[in-house]
Amino acid sequence: MASYLIRRLNLFLATSLVLFVVLFIVTSQFPVEKRFALTGLHSPTAEQIEQIDRDYRLDDGQMLQFFAYLKQRLSGNLGISATSQRPVAEELAAVLPPSFELAAVSALLALTLGIPLGVLASLSKHKITQHTIMAITLTGYSIPVFWLGLTFSLWFGVQLGWLPISGQLNLLYEIEPVTGIVLIDTLLSDSPYSGSAFIDALLHIILPAITLAVLPFTVVVRITRAAIITIMDQTYIKAAEARGLHTSRVVLRHALPNALIPVLKNLGLMLGSFASYTMVVEVIFAWPGVGAWLVSGIYQRDYTVIQGGVLAVALIIIFISIMIEVMHTAINPLSRKELYATN
């Protein structure tokens, strides 16, 4: 297992290196002066220009420039935002927690609703129930996320007035940020209105979380259904049923744990699409996360923000994908068998 983890670590490092190479090449193609693209400084002084040339080795060859660029980025120097003139690393640290909050709530919704529906669709003897569930999933999978978000905003926010359609929290509440995740910060706050602030934060996240959860929800339902149908035909399941075990016990103790393995694997493959949908949802609902921040940087041609946002999102996707693969290998007996065979 140790050698497998080392191989996964090497894969992460190699993929990250390729990412840095691509970003370095793209940076040199930006239609602006290279010093501005690297640092975001509008009008650097002569001393700053000299420092930039020295830090990024701009008077040397491309290879030395790349290593200098890599050194600056790995040290946490992502440049200065051309719009706000603040360090990109600071802005990135401020917008990452809201994105994690939205993604976590959406994933929780997709799993808690999708897995039971997938089991129901696979075990139900009624064709109407099966067809209804599958029709719902196919419809949800085919609806564009931007249209769904705008429709939810119009129905539940504008026409009915049930839910807020923008932001994380009402501006009337002054909650001291601790983790950057508002749902947690409101609970940690010693403010006398922390309870009402938590409820307000919960109301704010409902529409964006549901909109973002639709795609993974449909995938979870379909994969769970297919996995349960396949597993229920296995010999060990039929043996358990022959011993007189109730169907619900067989499903919960034997079929469902094995059905979650392909669900986990496919969720790892969806991370790229999930990240792109997160950006769209954040823009629609004015959610102050990485997606809205990055899209704003693109509109304003803030090149250092674009580089920092793309780098952070890509590294997070690579890291989580590899961690999901490691988890899949650890809990899947067949994968462990192949792993030990190669060792």
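Residues numbered from 1 in each chain as written. Predicted model: local features only at pLDDT ≥ 70, side-chain atom pairs only at ≥ 80, totals over all residues. Heavy atoms only, no water.

Q: Give a detailed account of the packing of aromatic side chains, specifying residues and quantitative values.
A: Here the structure, examined in full by the defined rule, presents 9 aromatic pairs. With a centroid separation of 5.5 Å and an interplanar angle of 55 degrees, the aromatic rings of F24 and Y69 are classed as tilted. With F24 in helix α1 (residues 2–28) and Y69 in helix α4 (residues 62–74), this residue pair connects regions lying 45 residues apart in the sequence. Summarising the burial analysis for this pair, F24 and Y69 share the class buried. A connected cluster of aromatic rings, assembled from ring pairs, spans F24, F66, F67 and Y69. (Phe/Tyr/Trp six-rings, centres within 6.5 Å; stacked < 30°, edge-to-face > 60°. Helix = DSSP H or I, 4+ residues; strand = E, 2+ residues; numbered from the N terminus. Buried < 20%, exposed > 50% of the residue type's maximum accessible area, 1.4 Å probe, protein only.)

Q: Break down the packing of helix α5 (residues 88–123) against helix α6 (residues 127–142) for me, with residues and values.
A: For any two helices packed against each other, the geometry is given by the interaxial angle and the distance between the axes. Packing of α5 against α6 brings their axes to within 8 Å, and their N-to-C directions diverge by 140 degrees. Here α6 runs oblique to α5, going by the angle between their axes. Handedness of the crossing formed by α5 with α6: left-handed. Taking contact as the criterion, the partners of L117, L120 and A121 in α5 are, on α6, T129, Q130 and I133. When grouped by side-chain class, the residues that make up the contact of α5 with α6 number 4 nonpolar, 2 polar and no charged. (Axes fitted to C-alpha atoms, helices over the stretch in contact; angles between N-to-C directions. Parallel < 35°, antiparallel > 145°, perpendicular 65-115°, else oblique. Left-handed = near helix turned anticlockwise from the far one by under 90°. Contact = heavy atoms within 4.5 Å. Nonpolar A, V, L, I, M, F, W, Y, C, P; charged D, E, K, R; others polar.)

Q: Tell me about α5, residues and numbers included.
A: With 36 residues, α5 ought to run about 52 Å at 1.5 Å a step, and its terminal C-alpha atoms sit 51 Å apart, in line with that. Of all bends in α5, the biggest is about 25 degrees, found at G114, and the proline P116 comes one to four residues later. (Expected span 1.5 Å × (residues − 1). Bend = angle between axes of the 7 residues up to and from the residue.)

So yeah, pure geometry; function would need other evidence.
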